[in-house]
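The primary structure of each chain is shown beneath.
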Amino acid sequence: MNELDLRTLSKSDAPMLALLEKECFSCPWSEDSFYECLSNERFCFVGLFEDGELVGYGGLVTVLDEGDVANIAVRTDKRGRGLGKTLLSALCEEAERRGVTYLHLEVRESNAPARRLYESFGFQIDGIRKNYYTKPQENAVLMTKKL
Ligand SMILES: CC(C)(COP(=O)(O)OP(=O)(O)OC[C@H]1O[C@@H](n2cnc3c(N)ncnc32)[C@H](O)[C@@H]1OP(=O)(O)O)[C@@H](O)C(=O)NCCC(=O)NCCS
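Reference entry: report on the structure contained in this document. (Residues numbered from 1 in each chain as written. Predicted model: local features only at pLDDT ≥ 70, side-chain atom pairs only at ≥ 80, totals over all residues. Heavy atoms only, no water.)

### Some remarks on the overall build of the chain
- A tally of regular secondary structure across the chain gives 4 helices and 7 strands.
- Secondary structure elements of the chain, listed N to C terminal, follow the sequence β-α-α-β-β-β-α-β-α-β-β.
- Against the 2.2 N^0.38 benchmark of 15 Å for 147 residues, the chain shows a C-alpha radius of gyration of 15 Å, consistent with a compact globule.
- Projected onto its principal axes, the C-alpha positions of the chain cover 40 × 35 × 30 Å.
- The buried share of the chain, reckoned over its 147 residues, is 44%.
- Pairs at least 24 residues apart make up 58% of the contacts formed inside the chain by residues separated by at least 6 positions.
- When the 19 positive and 24 negative side-chain charges of the chain are each reduced to one mean point, those points stand 4 Å apart. (Helix = DSSP H or I, 4+ residues; strand = E, 2+ residues; numbered from the N terminus. Rg over C-alpha atoms; globule rule 2.2 N^0.38 Å. Buried < 20%, exposed > 50% of the residue type's maximum accessible area, 1.4 Å probe, protein only. Contact = heavy atoms within 4.5 Å. Lys, Arg positive; Asp, Glu negative; His and termini not counted. Charge placed at Lys NZ, Arg CZ, Asp CG, Glu CD.)

Laid out in structure tokens, this is it:
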């Protein structure tokens, strides 16, 4: 794999974020949603680039000492090489810089790769939200990490 560049994303990155999001999720955020979030200082998105192409991204939203991992995704052909870990580390570091104490997220019950990733970072299950997801309908597992 070529050298990767990790950087904070800005509003102009919304189109490429939306494209990768569409490849990775059945209910993707739109380009407008990304644009709005990237215009809001409560959000922070980081992206991993290979040869100038976005191959993974992660988003964080914080309010006072609470934070949420909004989304994290790696391009299909780049998975299993540690990029998810790099992105989640960057989000945890940014959350700490912002003074977050509790970092939350939700994940599809059947999403074993993501659940393993979160568990390996010390996220713990604190509940289930019934039928939270659509396409297909599925429970969300709620997880929290104390920073
Ligand atoms: C979840 C996701 C971001 C992981 O990205 P990745 O780059 O493949 O992850 P990494 O290579 O950094 O692996 C990190 C850890 O995740 C877990 N993991 C990754 N792929 C896995 C798989 N296929 N099966 C089980 N565990 C897996 C492992 O614990 C792994 O650590 P290890 O290699 O030390 O065992 C990626 O699978 C993805 O983009 N999925 C689609 C989008 C998505 O579901 N996002 C999460 C929404 S909540």
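### Here's the deal with the site of the ligand
- Taken together, 19 residues form the shell around the ligand, and within it Val74, Gly80, Gly82, Lys85 and Asn111 come nearest.
- One of the backbone nitrogen or oxygen atoms of Ile72 is found 2.8 Å away from a nitrogen atom of the ligand.
- Elements supplying a minimum of two residues to the shell around the ligand: strand S4 (66-74), helix H3 (83-97), strand S5 (102-108) and helix H4 (112-120).
- The element contributing the most residues to the shell around the ligand is H4, with 5 residues.
- Its residues assigned to classes, the shell around the ligand shows 10 nonpolar, 4 polar and 5 charged. (Near = heavy atom within 4 Å. Polar contact = N/O pair within 3.5 Å; in protein donor to acceptor, adjacent residues only side chain to side chain. Nonpolar A, V, L, I, M, F, W, Y, C, P; charged D, E, K, R; others polar.)

### Notes on the packing of aromatic side chains
- A full pass over the atoms with the stated rule returns 7 aromatic pairs.
- Aromatic side chains Tyr118 and Phe123 sit 5.8 Å apart centroid to centroid with 65° between the ring planes, which places their arrangement in the edge-to-face category.
- Aromatic rings pair up to connect Trp29, Phe34, Phe43, Phe45 and Tyr57 into one cluster. (Phe/Tyr/Trp six-rings, centres within 6.5 Å; stacked < 30°, edge-to-face > 60°.)

### Quick look at the packing of helix H1 (residues 14-24) against helix H2 (residues 31-38)
- Packing of H1 against H2 brings their axes to within 8 Å, and their N-to-C directions diverge by 130°. The pairing of H1 with H2 is recorded here as oblique in orientation. For H1 against H2, the interelement crossing comes out right-handed. Facing Ala14, Pro15, Leu17, Ala18 and Glu21 of H1, the residues of H2 in contact are Glu31, Phe34, Tyr35 and Leu38.
- Among the residues making up the contact of H1 with H2, the classes are represented as 7 nonpolar, no polar and 2 charged. (Axes fitted to C-alpha atoms, helices over the stretch in contact; angles between N-to-C directions. Parallel < 35°, antiparallel > 145°, perpendicular 65-115°, else oblique. Left-handed = near helix turned anticlockwise from the far one by under 90°.)

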